[in-house]
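Report on the structure
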Amino acid sequence: MTNNEQQGPKYLQQIKVSCKITVEQIQRQLHKLKPYKAPGPDRIPNIVLTKCAHLLTDSLFQIYEAMFEKNLLYKPWKHFTTVVLRKLGKPCYNISKAYRPIVLLNTMWKVLTAIVAEQLTFIMEKYQLLPDNHFRGRPGCTTMDAMHLLAHKIKTSWRAGKVTLVLFLDIEGTFSNVVPSYLVHNLRKRKVPSKIVNFVHNML
């Protein structure tokens, strides 16, 4: 094994951008919560967090900032409850596909992950780290946009006298689980700030 192989891949310098968590971000995410959704293992209802946001924001800010800046992880927040519900109208309930698992997470952890996801989305869009034809999970990019692009490509090909062939792949079905090491590697390749990369690594 060569020295380069032992050292691992070399990454470009990360993007210089502030990743500070703000009080405004916390308040915005607290008010986005669905008030009557079932709580996670901590049994704290969302309605409590939304109605008491003005009382909780300062304390949550100190906790979130310490976790994010110091690369800390409060493991009990990662615990979750899975509730298995029957799908309506199924002829037989002896197979797993007749049931729908619902995962209930601790809301205070969900608020922090939503803040980091918001920051990551902002960086991806501002610095154009995703290809133009990537639509899913991006603000302002919908399924209709993807269909319009597909129709445009097909019609352009027809006008040029070419035959169009489309191959649809169920990527999510094939790769249903995230490989943390590959995800972290891809984030670093795209120069995502280390604070966000470390948070994602700890989250997974």
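Residues numbered from 1 in each chain as written. Predicted model: local features only at pLDDT ≥ 70, side-chain atom pairs only at ≥ 80, totals over all residues. Heavy atoms only, no water.

**Here's the deal with the side chain of Arg138**
Here is the rule: Strands here are runs of E lasting at least two residues and helices are runs of H or I lasting at least four, both read from the DSSP assignment and numbered beginning at the N terminus. Categorising residues by exposure relies on relative accessible area from a 1.4 Å probe, with only protein chains included: less than 20% of the type maximum marks a residue as buried, more than 50% marks it as exposed, and the intermediate range marks it as partly exposed. Definition of a polar contact: a pair of N or O atoms within 3.5 Å, with one able to donate and the other able to accept a hydrogen when the atoms are protein atoms, and with sequence-neighbouring residues admitted only if both atoms are side-chain atoms. By the convention used here, residues are in contact when the closest approach between their heavy atoms is within 4.5 Å.
Secondary-structure assignment places Arg138 in the loop between helix 5 (107-126) and helix 6 (143-159). On the basis of relative accessibility, which here comes to 15%, the residue Arg138 falls in the buried class. There is a polar contact of 2.8 Å between the side chain of Arg138 and the backbone oxygen of His134. With residues near it in sequence (within four places) discarded, Arg138 still touches Glu125, Leu130, Pro131 and Asp132.

**Comments concerning the side chain of Gln25**
Relative to the helices and strands, Gln25 resides in helix 2 (residues 23-32). According to the relative accessible area criterion, Gln25 is buried, its value standing at 10%. In this structure the side chain of Gln25 is engaged in a polar contact, spanning 3.1 Å, whose partner is the backbone nitrogen of Thr22. Discounting chain neighbours no more than four positions away, the residues touching Gln25 are Lys20, Ile115, Glu118 and Gln119.

**Details of unusual backbone geometry**
You will see that Asn71, though not glycine, has its phi angle at about 60 degrees, which is positive. Phi is positive for Lys191, close to 65 degrees, though the residue is something other than glycine. Within the fold, Lys191 resides in the loop between helix 8 (180-189) and helix 9 (194-203).

**What about the environment of His152?**
Along the polypeptide, His152 turns up in helix 6. Residue His152 is classed as partly exposed on the basis of its relative accessible area, which comes to 47%. Sequence separation between His152 and Met124 is 28 residues; the distance between their C-alpha atoms is 25 Å.

**A word on the packing of aromatic side chains**
Our working rule: Geometry of aromatic contacts follows a simple scheme: Phe, Tyr and Trp rings, the Trp one being its six-membered ring, pair when their centres are within 6.5 Å, and the pair is stacked under 30 degrees between planes, edge-to-face over 60, tilted otherwise. Here, a charge over a ring is recorded when the distance from Lys NZ or Arg CZ to the ring centre is within 6 Å and its angle to the ring normal is within 35 degrees.
Taken as a whole and assessed by the stated rule, the structure comprises 5 aromatic pairs. Judged by centre distance (6.2 Å) and plane angle (70 degrees), the rings of Tyr64 and Trp77 are edge-to-face. You can see Tyr64 sitting in helix 4 (residues 53-69) and its partner Trp77 sitting in the loop between helix 4 and strand 1 (80-86), a full 13 residues away along the chain. Judged by relative accessible area, Tyr64 falls into the buried class, the value being 0%. Judged by its relative accessible area of 8%, Trp77 falls in the buried class. Note on Tyr74 and Trp77: the rings are 5.5 Å apart at their centroids and 85 degrees apart in plane angle, and the pair reads as edge-to-face. The exposure class assigned to Tyr74 is partly exposed, which follows from its relative accessible area of 44%. Ring pairs connect the aromatic residues Tyr64, Tyr74 and Trp77, which therefore count as one cluster. We note Arg86 situated over the ring of Tyr93; from NZ or CZ to the ring centre the distance is 4.4 Å.

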